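So the chains spell out like this:
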Amino acid sequence: MDEVTYKRNINEAILSITSKIYSIEHECRTNFPYYREENKLKWFYTESCNWSGGHWASMLLMTDSKHDDNKVHVTLDNIFHKIKLRMYDSDIFTGFIFYYSYARRFEIYGRYNDLEIALEVADNLVSMYNKNIGLIPLGNECKVLGTDIHGNNLAAVDGSIIANILLYWAYDKTKKKKYLDTALNNLNNTIRIFMREDYSVTHMIEFVPYSGTIIRKWNNLGYSSDSTWSRGQAWFLLALAYGYRHTHNPEYQRIYLQALNFYLKNNNNSSMVPFYDLDAPMATLPPLDTSALAILAESYIIMLFNQGTQDEELLREIFYSFTPYIDSSMQNYILNHGCFDKPRNVATNADLIYSDYYLLSFLLHLKNYLSKGK
């Protein structure tokens, strides 16, 4: 397909998504959309901020800053008020929540109060760091809808991006070494503990907080204890991409390319959209997970911008793998065939708000990349 058509298809996808943000906001008002199952007419939403609430705030910020829509602005004010209530929680997800909300709003509007709030949350994450295991644990107040997994004795592979994304930003704003040191320790120990010899990753660990002794490793959202949960592999790639972006450490690049190669070689679907677990047997009719590819896409464009990858054909393949799943109708969903939690059968074929965010972010970065004549 020629370059003109390629760019036009990207623009059309961006317009389709941004138009849906208005309709989802109109439906959910000041609540937080979480997922919309394919056979349901409405979004499932929460009144209080869930772990992906920051992603929704960021999508609204994109709309608000571009269109100066007063209704969206009022919605944002209410959503930010609800998010602020979480700032002192012992919850690793505050990294995501406040990076995609308060930190992002500071970057757009320069409100000093937003900077102060986001930095306080970053300080709280630093205080959560456990030097015995070398990781930031989930925290005693960790909230993930549909599960009851929390505690200072548990850590997850995605913690290396959930917390780190805000810590990197805090370091960029202040140059205080504690933020970068905590983030890199968290990433390096994630590599050491969660990555297997073949560059796949496990999802969860339980450990003794006072000694760092690991009790067990398992997959909370994957097919089996020793399989590779697809979204976990994608989160790991995003963690490595951010680590490379902030350090240009060639070891992060090397591991990234090997972990990406594992994903590509073990994805049993005909497109780059994987099944929810890379090891799930075909006989089980495993659901697809477009959210895993959306997160991978975000990681890949970050690496490309920072010259950590060079394969632009793969970039094009990633984009066209999404197109069959992007909804072009007037219904209030964006990207179907996301799988949130197969073991508990929660939203196994759904539009997931965080995958919508990463898809939109990827497309905007891709448009910017191509507009510079790369």
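So, here is what we can say about the structure in this document. (Residues numbered from 1 in each chain as written. Predicted model: local features only at pLDDT ≥ 70, side-chain atom pairs only at ≥ 80, totals over all residues. Heavy atoms only, no water.)

## With respect to the state of the cysteines
Two cysteines, two sulfur atoms, one covalent bond between them: this is a disulfide. Rules: A pair of cysteine sulfur atoms is labelled a disulfide when the two atoms are within 2.5 Å. With a 1.4 Å probe rolled over the protein chains alone, any residue whose accessible area is under 20% of its type maximum counts as buried; one over 50% counts as exposed, and the rest are partly exposed.
One pass over the full model with this rule turns up zero disulfides. Left without a disulfide partner, Cys28 is nearest to the cysteine sulfur of Cys49, which lies 14 Å away. For Cys28, a relative accessible area of 0% translates into the label buried. The thiol of Cys49 is unpaired, and the distance to the nearest cysteine sulfur, on Cys142, comes to 12 Å. On the basis of relative accessibility, which here comes to 6%, the residue Cys49 falls in the buried class.

## A short note on the packing of aromatic side chains
Ring pairs (aromatic) are described by centroid distance and by the angle formed between their planes. Cut-off, in case you're wondering: Two rings belonging to Phe, Tyr or Trp (six-membered ring only in the last case) form a pair when the distance between their centres is within 6.5 Å. Interplanar angles under 30 degrees mark stacking, angles over 60 mark edge-to-face geometry, and anything in between is tilted. Starting at the N terminus, helices and strands are each numbered in turn, a helix being any DSSP run of H or I of at least four residues and a strand any DSSP run of E of at least two.
Tallying each qualifying case throughout the model produces 22 aromatic pairs. Considering the side-chain rings of Tyr35 and Phe44, the 5.0 Å spacing of their centres and the 10 degrees angle between planes classify their relative orientation as stacked. Tyr35 sits in the buried class, given a relative accessible area of 12%. Between the aromatic rings of Phe98 and Tyr102, the centroid separation amounts to 5.6 Å while the plane-to-plane angle is 25 degrees, which identifies the pairing as stacked. Here the residue Phe98 and the residue Tyr102 both occupy positions in helix H4 (residues 94-109), the gap between them amounting to four residues, near one helical turn. Side by side, Phe98 and Tyr102 carry an identical accessibility label, which is buried.

## Observations regarding the sheet that holds strand S6 (residues 350-352)
The condition is simple: The rule for pairing is simple: two strands pair if DSSP sees at least two bridges between them. The axes used here are C-alpha line fits, helices contributing only the stretch in contact, and every angle between their N-to-C directions lies in the interval 0 to 180 degrees. In this description, contact between two residues means that some pair of their heavy atoms is separated by no more than 4.5 Å.
An order of S2-S1-S6 is seen for the three strands of this open sheet, with the pairing classed as antiparallel. A strand with exactly one partner marks an edge of an open sheet, and here the two such strands are strand S2 (44-46) and S6. On average, each strand axis in the sheet is inclined to that of its neighbour by 20 degrees, with strand direction left out of account. Its contacts with the sheet place helix H13 (residues 353-371) against strand S1 (32-37) and S6, and it is angled at close to 65 degrees to S6.

## Quick word on the layout of surface pockets
The gaps left among the atoms become clear once a water-sized probe is rolled over them. Cut-off, in case you're wondering: Throughout, the protein atoms alone are placed on a 1 Å grid, and a set of points is a cavity if a 1.4 Å probe fits but cannot get out or a pocket if it is open with protein on both sides within 12 Å along at least five of seven lines; lining residues have an atom within 4 Å of a point. Grid points are joined across faces, edges and corners, and a volume is the space filled by probe spheres set on the points. Each residue is assigned to one of three groups, with Ala, Val, Leu, Ile, Met, Phe, Trp, Tyr, Cys and Pro labelled nonpolar, Asp, Glu, Lys and Arg labelled charged, and all others, Gly among them, labelled polar.
The computed volume of the largest pocket comes to approximately 560 Å³. Taken together, the elements giving at least two residues each to the lining of the largest pocket come down to helix H2 (53-67), H4, helix H7 (164-174), helix H9 (230-247), helix H11 (290-305) and H13. For the lining of the largest pocket, the residue count by class is 13 nonpolar, six polar and seven charged.

## Points about the packing of helix H8 (residues 177-194) against H9
Relative orientation and spacing of two packed helices are given, respectively, by the angle between their axes and the distance between those axes. As a reminder of what qualifies: Convention used here: angles under 35 degrees read as roughly parallel, angles over 145 as roughly antiparallel, angles from 65 to 115 as roughly perpendicular, and any remaining angle as oblique. Definitions for this section: a left-handed crossing has its near helix turned counterclockwise from the far helix by less than a right angle. A right-handed crossing has that turn clockwise.
Across the interface, H8 lies against H9 with an axial gap of 11 Å and an inter-helix angle of 135 degrees. Relative to H9, the element H8 lies oblique. Classified by chirality, the crossing of H9 by H8 is left-handed. Seen from H8, the contacting residues are Leu184, Leu187, Thr190 and Ile191; seen from H9, they are Phe236, Ala239, Leu240, Gly243 and Thr247. Tallied by class, the residues present in the contact of H8 with H9 amount to six nonpolar, three polar and no charged.

## Topic: empty space enclosed by the protein
Per the stated rule, a full pass over the model turns up one cavity of 30 Å³ or more. Considering only enclosed or pocket space, the largest cavity measures out at about 230 Å³ in volume. Grouping the amino acids of the lining of the largest cavity by side-chain chemistry returns 13 nonpolar, three polar and two charged.

Just distances and angles here, no functional claims.
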